[in-house]
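Summary of the model geometry
The residues making up each chain are set out below.
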Amino acid sequence: MAVDAQNNDQVEPPVNDLGQDVIDAVGLDNFLIENDEEEMAKIRAKKCRCRNPYGGLGCSHKFDDAYVFKLRYQMNALSADIKAMCLLGKISSSGIKTSQMTMKSRRASQTVRKKKRTMGYFVDGVRVCRDTFLFMHMLSDKFLTKLVNHYLENGIEVPRKASGGAGNNRNAFSAEDVIHTVKYINYAEKNGMVIPGRVAGVKTSDPRVRLLPSSDSKTRVWKRYKEHFVDLNGKTGGNLRLVQRSSFHKIWNMYTPFVLTTQPRTDLCWTCQQHNRQIYQSANQSDEEKAAKLIQQQEHLRVVNQERVLYQQHVKESKAALTGKEMSLGEHAPCSMEGSMHYSFDFAQQVHNPNDPDQPGPIYFLTPRKCAVFGINCEAFPKQVNFLIDEGMSISKGSNAVISYVHFFFDNYGLGEEIARLHCDNCSGQNKQICHVVFGLALHP
């Protein structure tokens, strides 16, 4: 039911022109949808911003609650074009004028309008405030302002969307291109590793998460996809487009965010761990003792920073020494290459065989077989040679084993550089034994 603002008589709300197909679909008698009590409660509690709101609540209460609900339902069901046509019709009958000249019938000549004419808002002939008009038609203030400005400039012509976006972009990838790319990224189902439990740096509980090896970065996967694209495209009829690197990354992040790359791991500094533990445990100590421990940690970080700068400088010089040279790791005569080269070596964590990250229960073997991993990396390429030592062949991780591995590497994979610079872990078996120091001095004759 509606209330006539002039004679305060209750009248039936007339059927407005919101689209006969929508009205027929909704119905005039039984249009309420189940589980819409929240919407009805919102309508009953609606208040407007008028100085003297109707009934102490708002202009929307000039109409029956069911009618307001029906109008909001119908406006929400309309398509964008039909909704714009309906609103343009209401705007044209609201008293707003597109002409900038006055329209006084008692004057022969008209003048330029000095003040902007106020627009009236009507719902089925009943004047309401702007806030209620927006609420009943499910509009935003920005959209209505944009539509009014369009009417002042173009009249009742339906606004058209500006060309652009993925739908109107001729260079946009088709659905087949995206699907094909996503299928290639999903090769992680075979090559990836399921997370066995909590993994540092992986903040997700998605069971689909797969971890690729740290060597398989997104760029490296894209390069592999680019190399095999010709064969893959030939199997699909040759109608696919090659996805470039930036688009490849976007598709990866959008459709397969659960495929992650394992971050490289490194050993923790024992000195930093000791200093941090002392700082954590100094809560009840004096300020002088706390300051001394902080100074000790800061001095250690300063020294470490100097060592890092020296390491980066050595790596940079090694890369510069290979500029313009086509070389690879292999057998080379000693001192046959001018310049310096940098190498790093260290033991990795042991690998157990058999290895199952999702261990379902007890294994058959009482103790898995262990395999030690020792790697020597040449940062100038960068390439790395790994030694896999079975527990039956491993003697220890002391100086004898390290010297044997390093000596074998330089005999079979060295570049024959004049100056070899080595970095290794701060382990007594690698850089503090006198045997290893003497071996380093006699490495090149």
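Residues numbered from 1 in each chain as written. Predicted model: local features only at pLDDT ≥ 70, side-chain atom pairs only at ≥ 80, totals over all residues. Heavy atoms only, no water.

Strand order in the open sheet formed by four strands is β10-β9-β8-β11, with mixed pairing between adjacent strands. The sheet is open, and its two borders are formed by β10 (383-390) and β11 (417-424), each paired with just one other strand. The sheet shows a mean angle of 25° between the axes of neighbouring strands, taken without regard to direction. (Pairing = 2+ DSSP bridges. Helix = DSSP H or I, 4+ residues; strand = E, 2+ residues; numbered from the N terminus. Axes fitted to C-alpha atoms, helices over the stretch in contact; angles between N-to-C directions.)

A word on helix α9 (residues 218-227). Each α-helix winds once per 3.6 residues, and so residues spaced three or four apart point in a common direction. All of the buried residues along α9 are Val221, Trp222 and Tyr225. An end-on view of α9 places all buried positions within 100° of arc, on one side of the element. (Buried < 20%, exposed > 50% of the residue type's maximum accessible area, 1.4 Å probe, protein only. Arc of directions from axis to C-beta.)

A separate point is the pattern of salt bridges. One pass over the structure, following the stated rule, counts eight salt bridges. Of the charged contacts in the structure, one is a salt bridge between glutamate 299 and arginine 302, with a shortest N-O distance of 2.4 Å. Taken together, the residues glutamate 299 and arginine 302, both in helix α13 (residues 287-321) and three residues apart, mark about one turn of the helix. Residue classification places arginine 302 among the partly exposed positions, given a relative accessible area of 41%. (Salt bridge = Lys/Arg side-chain N within 4 Å of Asp/Glu carboxyl O.)

For the rest of this paragraph, the subject is the confidence of the model for the protein. Per-residue pLDDT for the protein averages 75, and the proportion of residues at 70 or more is 71%. Mean pLDDT across the elements of the protein bottoms out in strand β2 (residues 10-11) (38) and peaks in β10 (89). For the stretch residues 1-34, pLDDT sits under 50, and the model shows 53 contacts to residues farther than four places along the chain or on other chains. (pLDDT = per-residue confidence, 0-100. Contact = heavy atoms within 4.5 Å.)

Inspection of the secondary structure assignment puts glutamine 297 in helix α13. With near-sequence residues (within four places) excluded, glutamine 297 lies in contact with Cys272, His275, Asn276 and Ile279.

Looking now at helix α14 (residues 399-412). Taking 1.5 Å per residue, 14 residues should reach 20 Å; α14 reaches 20 Å between its end C-alpha atoms and fits that length. Within the sequence span of α14, burial applies to Ser399, Ala401, Val402, Ile403, Tyr405, Val406, Phe409 and Phe410. (Expected span 1.5 Å × (residues − 1).)

In total, this model carries 16 aromatic pairs according to the counting rule given. A centroid spacing of 5.4 Å and a plane angle of 25° characterise the contact between phenylalanine 387 and tyrosine 405, whose relative ring orientation is stacked. You can see phenylalanine 387 sitting in strand β10 and its partner tyrosine 405 sitting in helix α14, a full 18 residues away along the chain. Looking at phenylalanine 387, the relative accessible area reads 12%, which means it is buried. Among the aromatic residues, those joined into a cluster by ring pairs are Phe345, Phe347, Phe374, Phe387, Tyr405 and Phe408. Lying across the ring of phenylalanine 135, arginine 72 places its NZ or CZ 4.2 Å from the centre. (Phe/Tyr/Trp six-rings, centres within 6.5 Å; stacked < 30°, edge-to-face > 60°. Lys NZ or Arg CZ within 6 Å of the ring centre and 35° of its normal.)

A few words on the pairing of β10. In this sheet, β10 lies alongside strand β9 (residues 369-378) in antiparallel orientation, the contact comprising eight bridges. Among the inter-strand pairings, glycine 375 is bridged to a residue of β10, identified as asparagine 386.

Within the largest apolar cluster, 30 residues are counted, with the highest numbers of intra-cluster contacts made by Phe63, Ile91, Val123, Val128, Phe133, Met136 and Leu144. Counting residues per element, the ones that place at least two in this core are α2 (37-44), α3 (65-77), α4 (80-92), β3 (121-123), β4 (126-128), α5 (130-136) and α6 (141-154). Per-element accounting of this core gives the leading share, five residues, to α3. Core analysis: the next-biggest nonpolar cluster, separate from the first, contains 24 residues, Met341, Ala372, Ile376 and Tyr405 among them. (Core = buried A, V, L, I, M, F, W, Y, C linked by side-chain atoms within 4.5 Å.)

Two numbers describe how helix α7 (residues 175-185) lies on helix α11 (residues 245-255): the axes approach to 10 Å, and their chain directions differ by 75°. Considered as vectors, α7 and α11 are oriented roughly perpendicular to each other. Each of Val178, Thr181, Val182 and Ile185 in α7 lies in contact with α11, whose residues at this interface are Phe248, Ile251, Trp252 and Tyr255. For the contact of α7 with α11, the class distribution of residues is seven nonpolar, one polar and no charged. (Parallel < 35°, antiparallel > 145°, perpendicular 65-115°, else oblique. Nonpolar A, V, L, I, M, F, W, Y, C, P; charged D, E, K, R; others polar.)

Put simply, phenylalanine 381 and proline 382 share a cis peptide bond, and its omega is -5°. Along the chain, the position of proline 382 falls in the loop between β9 and β10. The phi angle at aspartate 124 is positive, at roughly 55°, despite the residue not being glycine. Turning to its location among the elements, aspartate 124 is positioned in the loop between β3 and β4. Non-glycine residue methionine 138 carries a positive phi angle of around 55°. Counting through the fold element by element, methionine 138 comes out in the loop between α5 and α6. Judged by its relative accessible area of 33%, methionine 138 falls in the partly exposed class.

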